[in-house]
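# Chain and residue survey
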Amino acid sequence: MVNKIKQICCIGAGYVGGPTMAVIADKCPHINVFVVDKNKDKISQWNNEDTSRLPVYEPGLEKIIKKCRNKNLTFSTEIETCVSTSDMVFISVNTPTKKRGFGAGKASDLKWVEACARQVAQYSKGHTIVVEKSTLPVRTAEVIKNILDIDGKDSKIKNTCTFNVLSNPEFLSEGNAINDLENPDRVLIGGEDKDAIDSLHEIYRNWVSEEKILHTNIWSSELAKLTANAFLAQRISSINSISAICETTGADIREVSRAIGSDSRIGSKFLDAGPGFGGSCFKKDILNLVYLCEFFGLNEVANFWEGVVTLNNWHQSRISELIVKKLYGTLSEKKIIILGFSFKANTNDTRESAAIQICKDLIEEGAQLIIHDPKVEREQIALDLGLEEKKENNAYSDNYDNLGNWTFSNNLETIFNGAHAAVILTEWNEYSFIDWEKESLNMNSPAWVFDSRSLLAPEKLEDSGLNFWRVGDGSEKK
Ligand code: NAD
Ligand code: UDX
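Here's a quick rundown of the structure. Residue numbers restart at each chain and count upward from 1, following the sequence in its written direction. Each chain gets a letter, beginning with A, and each ligand a number, beginning with 1, in the order they are written. This being a predicted model, a pLDDT of at least 70 is required before a residue's local features are given, and a value of 80 or more before pairs of side-chain atoms are given or counted; all residues contribute to the totals for chains, interfaces and linings. Side-chain metrics in this entry use all non-hydrogen atoms of the structure; hydrogen atoms and water are not considered.

## Details of empty space enclosed by the protein
Gaps left between atoms are located by rolling a probe of water-molecule size over the structure's atoms. For cavity detection a 1 Å grid was placed over the protein atoms alone, and a set of points counts as a cavity when a 1.4 Å probe fits there but cannot get out; an open set counts as a pocket when protein lies on both sides within 12 Å along at least five of seven lines, with lining residues being those that have an atom within 4 Å of a point. Grid points are joined across faces, edges and corners, and a volume is the space filled by probe spheres set on the points. Tallied over the entire structure, the rule returns one cavity of 30 Å³ or more. Looking at the largest cavity, its volume works out to about 50 Å³. Every residue along the wall of the largest cavity is listed here: Glu132, Ser134, Thr135, Leu136, Ser167, Pro169, Ser221, Glu222 and Lys225. Looking at the lining of the largest cavity, the element that brings in the most residues is helix H9 (residues 218–249), giving three residues. Grouping the constituent residues of the lining of the largest cavity by class yields two nonpolar, four polar and three charged. Numbering goes from the N terminus for both helices and strands, where a helix is a DSSP run of H or I of at least four residues and a strand is a run of E of at least two. Classes in brief: Ala, Val, Leu, Ile, Met, Phe, Trp, Tyr, Cys and Pro nonpolar; Asp, Glu, Lys and Arg charged; the others, Gly included, polar.

Written out as structure tokens, the structure reads:
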């Protein structure tokens, strides 16, 4: 019999758990939604009166939080209470790449998922449907099921507890999460138990049309998520690889993208050359796929997918190198403006952002970076670069080691004064309005603008006297 779900608990109030549950609460006013996290600070940020200070920045999220919070959407650290009173528990915790031990550098670290499964086994009452929302290696559902069955039975009062496990991977992309959640291309539900599948299906039916809700077996669902990310990342590495050929042959990557994207078999989306893909998912999920392939002895398949990550790393260092080369082979004592630090526009997330490696490379070469980003905070940049922000402005004194440094600025009006170069790394809309003719008067001469996102029309810089480099633009060769 289909269980009518009255209460949901989501473990993990991060970039996926927060927005996903906010949309479920908004679309299903008859369901009580609890989002729990062990991180007290994060939960208090979700409960912040000032909704402009939520821990996740996503266009449209603030409005939903204002509407649903403390009505049918609650953020809490009370994991035990929320799990024990819920009919359905989503696991939406982090699954980063393992740092040590077997599979280090490739396999997913499942310690957070395992901890969740144990919490659910310990606290739940009656029948609970457990939904994998985290991206997981194929056959993780089996592990979760084992833990639930064994730990669930361990406790004396638990012998009446039963569980179903479903896979329901999330395909949202950051910066567009609310739109992706409200209008998904598809919702994927993998599982064995028809009633459990129908219960989750019923929730999505509140706003997603029937034909977009796909049912598969649980292993296909887990693998489809890894595959989707691998295919998407592969497109970015493919187009970035061609951008390098464009620059050496006189071709233009925008023209090549348009030409190949008009083939309906290829399609026009996800063909923008950039500084290399970032984000918390692509690299980790491909490496996880590579690990699975190696584990099953499919070494050629593993090598094929690993190439996508190798190309991405190469492409990022290619950009750093060409900046150094264009600035006469040395960045020592040169002031370089970094425009954008998040891994893409419209998010405050910096995980695996290409900006991290590129900034590290430039600092290593002695540059004095001034980093701007409309949403990323300076504390996050310090963590990502593993380097404290330079405090006082005595950049040129006694720097015998030729060490570079960085400072943060949120003032686009004055940032360009005395700069030798500006590098666009994130496609924030506001950067397309910079008046380069005006700024060229404030910059050093000669100065460079490097546009890794094709954000600027070359005509806009024509009269500025600035040197201009654009990703995949081979016009110098024409
Ligand atoms: P995140 O790091 O933003 O959030 C995870 C949260 O889980 C953290 O706040 C952490 O404190 C909490 N947590 C971990 N273990 C816990 C426990 N035992 N009890 C309570 N809370 C716990 O991660 P995210 O970006 O939201 O990603 C979550 C999962 O979704 C990952 O598997 C990821 O691969 C997948 N995913 C992410 C995206 C994305 O765009 N970020 C998209 C699709 C899928
Ligand atoms: C990705 C998947 O798109 C999403 O389905 C999955 O659920 C999570 O991983 P996300 O990482 O949030 O989403 O962003 P995405 O838009 O995919 O961009 C990833 C990276 O690729 C970014 O650094 C972005 O700038 C880059 N990118 C994307 C390009 O360089 N060119 C493009 O054409 C598209």
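There is more to say after this.
## Re the site of ligand 1
Residues are labelled near a given molecule or strand when at least one of their non-hydrogen atoms is within 4 Å of it. Around ligand 1, the surrounding shell holds 28 residues, and the nearest of these are Asp37, Lys42, Thr95, Glu174 and Lys284. Each polar contact in these results corresponds to two N or O atoms within 3.5 Å; when the atoms are within protein, one needs to be able to donate a hydrogen and the other to accept it, and residues that are neighboring in sequence are counted only if both atoms are side-chain atoms. Here an oxygen atom of ligand 1 and a side-chain polar atom of Thr95 are 2.6 Å apart. Gln119 is positioned such that a nitrogen or oxygen atom in its side chain is 3.3 Å from a nitrogen atom of ligand 1. Computed with a 1.4 Å probe, the accessible areas rest on the Shrake-Rupley method; for each residue, only the protein chains presented here act as cover. With the chains in place, 93% of the 830 Å² that ligand 1 exposes on its own is no longer accessible. In terms of residue count, helix H5 (residues 111–123) provides more of the shell around ligand 1 than any other element does, four residues in total. Grouping the amino acids of the shell around ligand 1 by side-chain chemistry returns 10 nonpolar, 10 polar and eight charged.

## What about the packing of helix H11 (residues 282–295) against helix H12 (residues 299–326)?
Axis definition: a line fitted to C-alpha atoms, limited for helices to the stretch in contact. Angles are taken between N-to-C directions and run from 0 to 180 degrees. Viewed as axis vectors pointing N to C, H11 and H12 meet at an angle of 165°, and their least axial separation amounts to 8 Å. Judged by the inter-axis angle, H11 sits roughly antiparallel to H12. Of the two possible hands of crossing, H11 and H12 adopt the one that is left-handed. Across from Lys283, Ile286, Leu287, Leu289, Val290, Cys293 and Glu294 in H11, the residues of H12 making contact are Asn299, Val301, Ala302, Trp305, Glu306, Val308 and Val309. Its residues assigned to classes, the contact of H11 with H12 shows 10 nonpolar, one polar and three charged. Angle categories are assigned with fixed cut-offs, so that under 35 degrees is roughly parallel, over 145 is roughly antiparallel, 65 to 115 is roughly perpendicular, and the rest are oblique. For any helix crossing, the convention is left-handed if the near helix is rotated counterclockwise from the far helix by under a right angle, and right-handed if that rotation is clockwise. We call two residues contacting when some pair of their heavy atoms lies within 4.5 Å.

## Quick look at the layout of surface pockets
Its volume calculated, the second largest pocket comes out at about 410 Å³. Looking at the second largest pocket, it is lined by 14 residues, and the ones nearest its centre are Glu247, Arg318, Leu322, Lys325 and Lys326. Elements supplying a minimum of two residues to the lining of the second largest pocket: H9 and H12. The element that contributes the greatest number of residues to the lining of the second largest pocket is H12, accounting for seven residues. Partitioning the lining of the second largest pocket into residue classes produces three nonpolar, three polar and eight charged.

## Here we look at the site of ligand 2
By nearness alone, 19 residues border ligand 2, and Phe171, Leu172, Glu174, Asp272 and Arg453 come closest of all. Separating an oxygen atom of ligand 2 from a side-chain N or O atom of Lys225 is a distance of 2.9 Å. Considering ligand 2 on its own, with 650 Å² of exposed area, one finds that the protein chains cover 91% of that surface. Among the elements that line the shell around ligand 2, the one with the most residues is H9, at four residues. Across the shell around ligand 2, the residue classes break down as 10 nonpolar, three polar and six charged.

## Let's talk about the packing of aromatic side chains
Stacked, tilted and edge-to-face are the three classes applied to pairs of Phe, Tyr and Trp rings, where Trp contributes its six-membered ring and a pair requires centres within 6.5 Å; stacked means planes under 30 degrees apart, edge-to-face means over 60, and tilted covers the rest. Counted by the stated rule, this structure contains 11 aromatic pairs. Judged by centre distance (5.5 Å) and plane angle (50°), the ring pair of Tyr204 and Trp207 falls under tilted. Across the pair, Trp207 and Tyr204 agree in class, each one buried. An angle of 70° between the planes, with centres 5.3 Å apart, marks the rings of Phe416 and Trp436 as edge-to-face. Placement of Phe416 in the loop between strand E11 (405–408) and strand E12 (421–424) and of Trp436 in helix H15 (residues 436–442) is noted, with a sequence separation of 20 residues between them. Burial here depends on accessible area, computed with a 1.4 Å probe over protein chains only, as a share of the maximum for the residue type. Under 20% is buried, over 50% is exposed, and the range in between is partly exposed. Judged by relative accessible area, Trp436 falls into the buried class, the value being 2%. Following the ring pairs from residue to residue traces out a cluster consisting of Phe231, Phe304 and Trp305. By definition here, charges over rings are those cases where NZ of Lys or CZ of Arg is within 6 Å of the ring centre and within 35 degrees of the ring normal. We note Arg186 situated over the ring of Phe171; from NZ or CZ to the ring centre the distance is 3.6 Å. For Lys375, the ring lying beneath its charged end belongs to Tyr57, and the centroid distance is 4.3 Å.

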